[in-house]
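Descriptive structure summary
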Amino acid sequence: MEMTFAMIKPNAVKSGLIGRIIDRYESAGLVVCAVKMHQMTSADARGFYAEHVEKPFFAELEAYMTKGPSVMLALGGENAIAKVRAINGATNPAKAEPGTLRYDYAPSMTENVVHSSDSPASADREIHFWFKDEELYAYETASKKACCIL
Ligand code: CMP
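No experiment lies behind these values; they were computed from the predicted model shown.

Quick look at the pairing of strand β1 (residues 2-8) now. Working note: regular strand, side chains alternate between the two faces of the sheet. Along β1, six of the seven residues are buried, which leaves the element largely enclosed by surrounding structure. Pairing of β1 with strand β3 (residues 70-77), which is carried by seven bridges, proceeds in the antiparallel orientation. Note on β3: the bridge partner recorded for Met3 is Gly76. In the sheet, β1 pairs with strand β4 (residues 114-116) via three bridges, with the strands oriented antiparallel. Residue pairing in the sheet places Met7 in a bridge with His115 of β4.

Next comes the structure, spelled out in structure tokens:
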């Protein structure tokens with residue numbers, strides 16, 4: 001059992017896709033352990049995407065991520081990190097497999113509708129960037145307990 005961080009980005013929120021995206025995650029057996037809506041500030045974007053601040057695409061990424069609210073999610077389940085990455089598809093939607101969220105909904109590399117953690121270390125950092133421990137809920141689903149506290 002592991003946890004991962006996922007984010008529904010501003011263009012997906014504005015397109016009314018929140019429910020459809022969370023349904024894809026829940027239908028794959030993942031459980032929502034924490035959720036919040038938040039519009040990133042520039043400081044948030046610089047902190048959350050610290051590894052990209054010096055990259056040439058950062059200014060465009062920052063403008064996009066601060067233009068409207070995103071939905072932040074902590075998701076739990078077996079192989080949660082790999083499952084969410086597979087559901088999301090490749091970062092570049094032109095390379096995303098049919099049936100993935102980015103194939104279905106992303107108009108460009110920057111506006112790629114969702115984000116998720118790529119390793120246990122990034123999941124830990126990203127979950128705790130947005131959530132306090134007391135905002136993470138471990139609970140029983142009909143099948144089994146699917147959230148854990150990192
Ligand atoms: P995300 O998974 O949130 O991680 C970094 C984000 O930067 C990425 O999705 C895209 O939204 C954006 N981005 C724009 N251009 C690039 C690029 N060339 N390589 C990686 N990420 C990019």
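With that settled, consider the site of the ligand. Taken together, Lys9, Tyr49, His52, Phe57, Leu61, Thr91, Arg102, Met109, Thr110, Asn112 and His115 make up all the residues around the ligand. In the model, an oxygen atom of the ligand is placed 2.6 Å from a nitrogen or oxygen of the Tyr49 side chain. Here an oxygen atom of the ligand and a backbone polar atom of Thr110 are 2.9 Å apart. Of the residues assigned to the shell around the ligand, the class counts are four nonpolar, five polar and two charged.

Counting residues in hydrophobic clusters, the biggest one holds 21 residues, and the most contacted among them are Phe5, Met7, Met40, Ala74 and Phe131. Every residue in contact with Met40, bar those within four places of it in the chain, is listed here: Met7, Ala45, Phe48, Met65, Thr66, Met72 and Trp130. By size, the runner-up hydrophobic cluster in this structure holds 20 residues, among which are Ala6, Leu73, Leu101 and Val114.

For the rest of this paragraph, the subject is the sheet that holds β3. Taken in spatial order, the four strands make up an open sheet running β2-β3-β1-β4, and their pairing is antiparallel. Of all strands in the sheet, those with a lone pairing partner are β2 (31-38) and β4, marking the two edges. Ignoring strand direction, the axes of neighbouring strands in this sheet form an average angle of 20 degrees. Bridge count between β2 and β3: seven bridges; the pairing is antiparallel. Considered in β3, the bridge of Val35 is made with Leu73.

Criteria and cut-off values
Every chain begins its residue count from 1, and numbering advances along the sequence as written. The predicted origin of the model limits local features to residues at a pLDDT of at least 70 and limits the giving and counting of side-chain atom pairs to 80 or more, whereas totals for whole chains, interfaces and linings rest on all residues. Heavy atoms throughout the structure, all of them, feed into the side-chain values; hydrogens and water do not. Relative accessibility decides the category of a residue: with a 1.4 Å probe and only protein chains considered, values under 20% of the type maximum give buried, values over 50% give exposed, and everything between is partly exposed. Working definition: helices are DSSP H or I runs of at least four residues, strands are E runs of at least two. Numbering for both runs from the N terminus. Two strands pair if DSSP finds at least two bridges between them. Note on terminology: near, applied to a residue and a molecule or strand, indicates that one of the residue's heavy atoms is within 4 Å of it. We call two N or O atoms a polar contact when they sit within 3.5 Å, provided that within protein one can donate a hydrogen and the other can accept it, with sequence-adjacent residues counted only if both atoms are side-chain atoms. Polar here means any residue outside two lists: the nonpolar Ala, Val, Leu, Ile, Met, Phe, Trp, Tyr, Cys and Pro, and the charged Asp, Glu, Lys and Arg; Gly therefore counts as polar. Grouping buried Ala, Val, Leu, Ile, Met, Phe, Trp, Tyr and Cys residues that are joined through side-chain atoms within 4.5 Å yields what is termed a nonpolar core. We call two residues contacting when some pair of their heavy atoms lies within 4.5 Å. To obtain each axis, a line is fitted to C-alpha atoms, and for helices this fit is confined to the stretch in contact; angles are then taken between N-to-C directions over 0 to 180 degrees.

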